Structure formats: C-alpha cells, structure tokens
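Close look at the chain arrangement
Listed here are the chains, written in short residue letters.
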Amino acid sequence: MKNNNPLFFIFNYSLKKGVLTLKEIFIERQGDILRIAIKKNNKLKECFIEEDTGEPMPGEIYKGIVKNIVPGIKCAFVDIGYKENCYMYMDRKFKNTHIKKEDHILVQVVKESMGKKGPKVTNAVSIPGRYCVFNTLDSSITFSKKIEDENVKTYIKENIKKPENVGLMIRTNAEKVPVEIINDEIEGINKIYTDIKKQGDYSLKPGILLKTGGTLGRILRDKLDSDTIKIYVNNSEDHEKINNYISNTKDINVYLELYEGERELFDYYSIEKEILKLRNSKVQLNCGGYIIIEKTEAMYVVDVNSGKNTQGASLRKTAFITNMQAAEEISSQIRLRNLSGIILIDFIDMNEEEDRVKVLDKLREGFEGDKSKTVIYPFTELNLVQIARRRVGKAIYEYIDEPCKKCHGKGRRLKLSYINSLIKNELSKIRNEDNIKHIYIEISNVYEYEIRGDIVSFVKDINSLDKIIYIKFVNEEDYVKVEPLIFMNQIENLQMYKVYG
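Everything numeric here is computed off the predicted structure, so don't read it as measured data. (Residues numbered from 1 in each chain as written. Predicted model: local features only at pLDDT ≥ 70, side-chain atom pairs only at ≥ 80, totals over all residues. Heavy atoms only, no water.)

**A word on the packing of helix α4 (residues 214-222) against helix α5 (residues 236-247)**
The interhelical angle for the contact between α4 and α5, taken along N-to-C directions, is 30°, at an axis separation of 12 Å. The pairing of α4 with α5 is recorded here as roughly parallel in orientation. Pair α4 / α5 crosses with right-handed handedness. Contacts between α4 and α5 pair Leu216, Leu220 and Arg221 from the former with Asp238, Ile242 and Tyr245 from the latter. Each residue belonging to the contact of α4 with α5 can be placed in one class, and the counts come to 4 nonpolar, no polar and 2 charged. (Axes fitted to C-alpha atoms, helices over the stretch in contact; angles between N-to-C directions. Helix = DSSP H or I, 4+ residues; strand = E, 2+ residues; numbered from the N terminus. Parallel < 35°, antiparallel > 145°, perpendicular 65-115°, else oblique. Left-handed = near helix turned anticlockwise from the far one by under 90°. Contact = heavy atoms within 4.5 Å. Nonpolar A, V, L, I, M, F, W, Y, C, P; charged D, E, K, R; others polar.)

Structure representation (structure tokens):
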C-alpha cells in the first residue's frame, strides 16, 4: 500500500476552490457481484455494480469472424465465440466498410448484450492506461481537454516514444508525472497490443484476447486521483491487485485497508441504506421542491416541481431557485444511478434567458469529471432540456430491481437475491449474540411463492442452515425485518410461522 500510517488520510486533503475534498472508495465483492461506491466529503457520489455472468463485458478485446453483413442497416454480425453474434456498425470513420463475410478481425466490446440482442462491438480497438490510451485506427497524438498548457503539450509530444501505426490520447493524469513514466506505460501497453495482435493473427477460432480489468480496473484508472484519501476493500485478491496498482502509480498517495468485519462492507459503512434510497422516484430538494425520476420504454423523464418552496418573493424567483437546486440534484442522481441514453427534464417554466443560462451552467457543472460522454442540449420552447449520456454499464435499477411476478410483471420489486443479502447482513449482527438459535423474519408477501417453493435454498442463501427459522409474510412492499427470538413465550407464540429447523 502507498502509505502504512492509518492516520495518513486525515492529512491528505486537496484544496479546490477553497473547499477541502475528501474522497473515499469502497469496494465490496460478494460472490459474483462486485460493488464500488465513491464518497466525497462523506456523501455518496457514484455507485457501480458489476455481475460476473461470463458474458462479454465492455472493454474486452476479442478475435472475431464476420458471419453476415446487412448493407441496409450498415451493420456486420460478428462471431466472437459467444452464444449470440455481436453487431458492429460499418462506417468510413471506422475504416471498416471494406470488410466482408468470413473476415477475421480484432474487435472490442462497447456494450454488453441486452435481452436477445447480442453485444455491440467495434473494430476501433483501444487499450486504456492511467496516462494514455492506445488507439488503433489512426497514428495521431491527441490530448485530454483538461490539459490546456500548450508548453506541456509540446514537451510531451517531443519526448514521448510513440510506436508506429497507433494513435495516443494523452490523459489528464499525464500532466502530473515525468515523461519517463508515460513512456514506461506506453512500452507496457504496446507489448500487450503486440501480443494480442499476434495471438489474433495465429488463432483460427474466435475468442477473448484481453480483459481490461472490468469495472475495478476502470475505477482505478479513472477515479483514483490526488483527492482519494482511502480505499476500503473486503476481498483479499482485490486487495492484492489494488495494492500492486497503487504501489506502481506515482501520482497518488492513498491508504488501502482490507476490511475483515463480519458484516458486509456496504452495510457496515451505511452505504446499503443509501443505495436503497435510489429506488425512490421522488427526491426532495432543500428549498422544499422536489424532482420525480421515471423510466419509460424509450427514455428517462425528470419532472421538477416547486412543492413547498416559498423562498422566492416572486414566481420568477421561486422557479429559478427550484430549478437551480433541481439542476444540481439531477446531475448528481444521473451519475449516482448511472442513467444513460436519452434523459428529458421538464423544468419549471422560466421566461428570462439569463435564468435559463444559469440553470444549464449548473447542470453542466454537475457532470464535470464524468467519464461517460454527456451532451446537454439547450432549452426548448416548452422549457424542456434533453440530455444524451453514453451507456457505461447498467443502471443501478437493473441490479437491484426485477419484475414483480405477483402482479404479472407490471410492477417492480427488489430482487429476492438482494433481499437475501439484506437479511444476511442483519443476521451477521445477531450472530455476535451468544446461543441465538431461533430467528424471526418478516418479509413482503410478494416473495412468498419463491421462498416457500424452495425453503432450503432460501435458508442456505441467508447462511442460516444451523438456525430455526420463522417467517411471516406481510402485505407491505419491499419490507423486511429480522430479529432473534430469545424468550420461550416468543417461540411458542410464533410456532405457526416456523418454516425450517
């Protein structure tokens, strides 16, 4: 780890615009689920979830074989060794209009599969590092927009050792390190690229050539910066990977802690409660107003309401205050929930152009530092604002929600696996008490059919095969309660709810 003193993080503050920024990263792995939360000044700012399903993930590079080309939609379908063919758009800017059926090509996954639709891939393969990104479609050198000093750009251009036939995008972090470190990374990435290219050339079958570290690798490259004071991780293998990464990274100094408590990491640090709040469509604003976030088939829609806001002396002032706070909260919620695609915002009507400009500026400010490409369009005549945000991973809803079987899929409910995780967290607290054998659980009746259908699997999932379990199904949505039964009269009164043991 970069600093062995647990008190180090107290002093590693970054002063920006007169405000101290303390950034912490929490990394929790439970079975096939990896969850990463980022807090700034103790407020949850971003949350990423990744499930190891064995399916192609964004960033992975494959040897592919073109199986079909459909000129009408300018699309090629590529076999990468997955159960479904991937699709790849054909365009002059990708220099792929010449490809034909049965061609062997190198491709990179852009989007994971959705439903019956296979993954989206591109032949514009890129390999990211901390200080630069390899691009294989051109041989130019470009710079992050945040590197504005022309002297820095000139110095880097004149001193980096760029391989032939590849392009380089110099990332923001490169400005903070000596050019020798950038060259070391370029040499390492070039070796990786040469190896996978050679492997792809000699392989006859389609298949994976390179994993890029998934969400964990992306977070370390993109989110770990000088503001980061501490990383908490609950998995020893992840701890080792992160320790190796930060030990070889010169522009950061961060304390890494391996969490070994009985309770899950997210539960212990109260992040679980904050994630559950993200299911609420209604978000209150400090001024008394609120926003409503809803998902339709084609887009997300956000409605801004003044609610109980009475701060303004006029309708204009009330609308402006509410819209300004809404713009700040909307950008925060979009990033936190990882919403993407088309997002339509219905602000309260404002007639003054200067007010609209300020609201748009506040909205844009909220996406500063966001690695997902986001385009914010001007107000329409109906006071609507459109946002287009690139998809990177799934929205958080897709990991914790599922269609409700009781209402024939028309509603949504927390996933049973997620409910089981919450119960297991509560049980871990009870396990600290001696000789507790009898456990009473209250849970929403929307889960009754699945739980009663395989009670042993349920008890196993909550890690309680050594307990006696009582379950009462209640008519309350997304409800769960867990408590130990200590007294004999409790146990006798609840015998009708005994399901196991």
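**As for empty space enclosed by the protein**
For the coordinates displayed, the defined rule picks out 1 cavity of 30 Å³ or more. Considering only enclosed or pocket space, the largest cavity measures out at about 70 Å³ in volume. In terms of lining residues, the largest cavity is bounded by Glu51, Thr53, Glu55, Met57, Glu112, Lys394 and Tyr399. Here the lining of the largest cavity is built from residues that sort into 2 nonpolar, 1 polar and 4 charged. (1 Å grid on protein atoms, 1.4 Å probe; cavity = no way out; pocket = protein on both sides within 12 Å on 5 of 7 lines; lining within 4 Å. Points joined across faces, edges and corners; volume = space filled by probe spheres on them.)

**Quick word on the side chain of Ser444**
Inspection of the secondary structure puts Ser444 in strand β26 (residues 438-444). Relative accessible area serves as the criterion here: at 1%, Ser444 is assigned to the buried category. Reaching out from Ser444, the side chain makes a polar contact with the backbone oxygen of Glu476 at a distance of 3.1 Å. Here Ser444 is in contact with Phe473, Val474, Glu476, Glu477, Asp478 and Tyr479, once residues within four sequence places are set aside. (Buried < 20%, exposed > 50% of the residue type's maximum accessible area, 1.4 Å probe, protein only. Polar contact = N/O pair within 3.5 Å; in protein donor to acceptor, adjacent residues only side chain to side chain.)

**Some remarks on the layout of surface pockets**
There is about 860 Å³ of room inside the second largest pocket. Where the lining of the second largest pocket is concerned, the elements lending two or more residues are β4 (33-40), β5 (43-51), α3 (179-202), α4 and α5. At 5 residues, the largest contribution of residues to the lining of the second largest pocket is made by α4. When the residues that make up the lining of the second largest pocket are grouped by side-chain class, the tally is 10 nonpolar, 11 polar and 16 charged.

**Remarks on the sheet that holds strand β17 (residues 255-258)**
Across the sheet, which stays open at both edges, the 5 strands sit in the order β5-β4-β3-β16-β17 with mixed pairing between neighbours. Looking at the sheet topology across the chains shown, the edges are occupied by β5 and β17. Averaged over all adjacent pairs, the angle separating strand axes in this sheet is 15°, with direction ignored. Bridge count for strand β3 (residues 23-30) against β4 is 8 bridges, and the pairing is antiparallel. (Pairing = 2+ DSSP bridges.)

**Observations regarding the pattern of salt bridges**
All chains considered together, the criterion is met by 26 salt bridges. Among the salt bridges present, the one from Arg335 reaches Glu46, with a minimum N-O distance of 3.6 Å. In this pair, Arg335 sits in helix α8 (residues 315-337) while Glu46 sits in strand β5, placing the two residues 289 residues apart along the sequence. For Arg335, a relative accessible area of 12% gives the class buried. Two residues, Lys153 and Glu150, come together in a salt bridge whose shortest N-O distance is 3.5 Å. Highlighted residues: Lys153 and Glu150, both in helix α2 (residues 150-159), separated by 3 residues, approximately one helical turn. One connected set of salt bridges, linked through shared partners, spans Glu28, Arg35 and Glu272. (Salt bridge = Lys/Arg side-chain N within 4 Å of Asp/Glu carboxyl O.)

Note that every value here comes from positions in space, so none of it alone points to a role or purpose.
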